[in-house]
Structures are given as structure tokens and as C-alpha cells.
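Summary of the model geometry
Chain by chain, the residues:
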Amino acid sequence: MSNILVTGGAGFIGGHLIKKLLEGGHNVTSVDNYSTGKKENEQVGCEYFKFDIRNDLELKNNKYDIIYHLAYPYGVDGMGLNQAYVDTGAVGTYNVLKYATMNGVKKVVNVSSVSAYGKISSDKVSEDMSGEHYIHYGVTKKASEDYCKIFKDTYGLDTVNLRLFYAYGERYTTLDHSALVNFLDRVRKGKDLLIYGDGSQLRDYTYISDIVDGIINSINGKGSGEIYNISGGGTC
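Residues numbered from 1 in each chain as written. Predicted model: local features only at pLDDT ≥ 70, side-chain atom pairs only at ≥ 80, totals over all residues. Heavy atoms only, no water.

The next subject is the nonpolar core. In globular proteins that are soluble, nonpolar side chains generally tend to be buried together. Among the nonpolar cores identified, the biggest contains 26 residues, and Val-6, Ile-13, Leu-17, Leu-21, Tyr-68 and Ile-215 are the most heavily contacted of them. Elements with a minimum of two residues in this core: strand S1 (3–7), helix H1 (12–23), strand S4 (66–69), strand S5 (107–113), strand S6 (158–164) and helix H5 (208–217). In contact with Val-6, other than residues within four places in its own chain, are Leu-17, Ile-18, Leu-21, Val-28, Thr-29, Ser-30, Val-31, Tyr-68 and Leu-70. In this structure, Val-31, Val-96, Ala-100 and Phe-151 belong to the second largest nonpolar core, which totals 17 residues. (Core = buried A, V, L, I, M, F, W, Y, C linked by side-chain atoms within 4.5 Å. Buried < 20%, exposed > 50% of the residue type's maximum accessible area, 1.4 Å probe, protein only. Helix = DSSP H or I, 4+ residues; strand = E, 2+ residues; numbered from the N terminus. Contact = heavy atoms within 4.5 Å.)

Encoded structure:
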């Protein structure tokens, strides 16, 4: 049994992750500023604090073994001029890592994104690839990964970066950010599908339970600020 802190615990992935952690007998605390998190994602048995990681973390319980870092303003315009991406992705991640270093946290799992790759031409993506960045979302996700490696190399903090590929599953309601969910919603309502561009775009959708299993199992690795993909392994 571990004492675990989840940032962004009221989000879609955070809610499913906390449920699985509680089922495993762990003590779980969540911090979330509820900019995109929702009360309905909260799980009985977890202690929730409304807090913004863009500020220094000041929590009563400083004895966390693991931090799962998911806090991020998902659902806002990643291509627009939104300061929240820089503030949360870079400053917020730095604050989480600093808190972990100063309070003896054993491991930080940074939940990143496929967007950290930027534009790449290959259909198959491996962790050693990199491409041209074109949205703030991807730039700040990559920055969060770099911060993890710095804290590992400089302070010995055990970290790992997980690049998630297009999550879907129960309680996912953000239609504008998932073609698959949007398609299913429109089919259910008897509407025509909306297809942008020429329809040749590929996405690797990953079911939420597989993502949660990957996040939890990532603590078993040695950790050195390394990057790992979590994906369904197929494209559509």
C-alpha cells in the first residue's frame, strides 16, 4: 500500500486512475483546479483538494510515495494563444517536481502526450523519433518531459514520462477532441459524420483501462527520465 498524490485527479483519466488505485488498497489524494476537471469524476475514498499547481504545492501530508502528474488544461485551444498551456505544462510541472524533490517522493510519473512528438511522417511511432512542433500543447508537453529528465539527472528524483495516444472510454465527453467519440455520438443521434480534411488522417485510440494499467505499471521500471508510449497499437 502506498500514499499517492494525483494531480488532475478530477479529469477523465484521473478519475479512472484513482478508482483503480483505490481498488488496489492505496491511500490517494487529488489536487485539481477544476478548470476542466469535473465533480462527477471524483471517487469515493479519495481526498480531493481544489488547488492550482501553477502555485507552489503546500499540502499537509508531505509523505507521498508516488505522484502521478496528470494536471493539464485539456479541452482548451492548443493552437491558440492560451497562457494556461505554458503556465501549467512548464511552471506547473516544475512545481510538482520541486515539491517531490523537497519532500522525499520516491517517484513521479509524468503523463505526457503523443503531441510531444510534433509532426512526424511515419505511421509507426517510436520513442526516439522527433518532429516539428506546431501547437503549444505539444511544446509544453515536451518541456514537461525535459524537466523530468533534469530533475532525475540533477537531484536523483526517479521519474518516467508516458506519452498517451488518444484515450477514449466511459465518461469521456469532450466531443471536439476525439473523432471516434464524435462519430459515435453522431451515429447515436442519427446524424451524418463530420470528416475534416480528406479523411486520411490516422489516430491510435487507446481504451481507458489499458491506459490506466500502463500508468500504474510504469512505477515498476527503473526510471531515468525516460519516455514510453502507451497506445492501443492500431490506427483508424
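This next bit is on the packing of helix H2 (residues 83–102) against helix H3 (residues 136–155). Relative orientation of the contacting elements H2 and H3 amounts to 20 degrees, with a least axis distance of 8 Å. For the element pair H2 / H3, the angle class is roughly parallel. Between H2 and H3 the crossing geometry is right-handed. On H3, the residues touching Tyr-85, Val-86, Gly-89, Ala-90, Thr-93, Tyr-94, Leu-97, Lys-98 and Thr-101 of H2 are His-136, Tyr-137, Thr-140, Ser-144, Tyr-147, Cys-148, Phe-151 and Tyr-155. A breakdown of the residues in the contact of H2 with H3 according to their chemical character gives 10 nonpolar, 6 polar and 1 charged. (Axes fitted to C-alpha atoms, helices over the stretch in contact; angles between N-to-C directions. Parallel < 35°, antiparallel > 145°, perpendicular 65-115°, else oblique. Left-handed = near helix turned anticlockwise from the far one by under 90°. Nonpolar A, V, L, I, M, F, W, Y, C, P; charged D, E, K, R; others polar.)

The next thing to look at is the packing of aromatic side chains. Enumeration according to the criterion identifies 4 aromatic pairs in this entry. Where Tyr-72 meets Tyr-137, the ring centres are 5.2 Å apart and the plane angle is 90 degrees; that geometry is what we call edge-to-face. Of the two residues, Tyr-72 is situated in the loop between S4 and H2 and Tyr-137 in helix H3; the sequence distance between them amounts to 65 residues. An identical accessibility class is assigned to Tyr-72 and Tyr-137; each is buried. (Phe/Tyr/Trp six-rings, centres within 6.5 Å; stacked < 30°, edge-to-face > 60°.)

Right, let's talk about the sheet that holds S4 for a bit. Two orientations exist for strands paired in a sheet by backbone hydrogen bonds: parallel and antiparallel. Pairing within the open sheet is parallel, and its 7 strands lie in the order S3-S2-S1-S4-S5-S6-S9. The strands lining the two open edges of the sheet, one partner per strand, are strand S3 (47–50) and strand S9 (226–230). Neighbour to neighbour, the strand axes of the sheet diverge by 20 degrees on average, direction disregarded. Note: S1 against strand S2 (residues 27–32), 5 bridges, orientation parallel. Following the sheet pairing, Asn-3 is matched in S2 by Asn-27. Helix-sheet contacts for H3 involve S5, S6 and S9, and the interaxial angle to S6 is about 160 degrees. Running at roughly 160 degrees to S9, H5 makes contact with S4, S5, S6 and S9 of the sheet. (Pairing = 2+ DSSP bridges.)

Below, the discussion takes up the environment of Asp-56. Its location among the elements puts Asp-56 in the loop between S3 and S4. Of the residues examined, Asp-56 reaches a relative accessible area of 40% and is grouped as partly exposed. Separated by 36 residues in the primary sequence, Asp-56 and Gly-92 place their C-alpha atoms 8.3 Å from one another. Excluding its chain neighbours within four sequence positions, the residues that come into contact with Asp-56 are Phe-51, Asn-95 and Lys-98.

So, about unusual backbone geometry. With a phi angle near 60 degrees, Tyr-34 is a residue other than glycine that sits in the positive phi range. If you trace the backbone, Tyr-34 turns up in the loop between S2 and S3.

Most of S1 is tucked away: 4 of the 5 residues are buried. Crossover handedness for the path S1 to H1 to S2: right-handed. Across 4 bridges, S1 lies against S4 in parallel orientation. When the bridges of S4 are listed, Ile-4 appears paired with Ile-66. (Right-handed = clockwise from strand over helix to strand, strands pointing away.)

Another point: the pattern of salt bridges. Tallied over the entire structure, the rule returns 9 salt bridges. For Lys-20, the salt bridge identified is with Asp-213, shortest N-O distance 2.6 Å. Of the two residues, Lys-20 sits in helix H1 while Asp-213 sits in helix H5, which places them 193 residues apart along the sequence. On the basis of relative accessibility, which here comes to 30%, the residue Asp-213 falls in the partly exposed class. Ionic pairing is found between Arg-54 and Asp-52, a salt bridge with its closest N-O pair at 2.7 Å. (Salt bridge = Lys/Arg side-chain N within 4 Å of Asp/Glu carboxyl O.)

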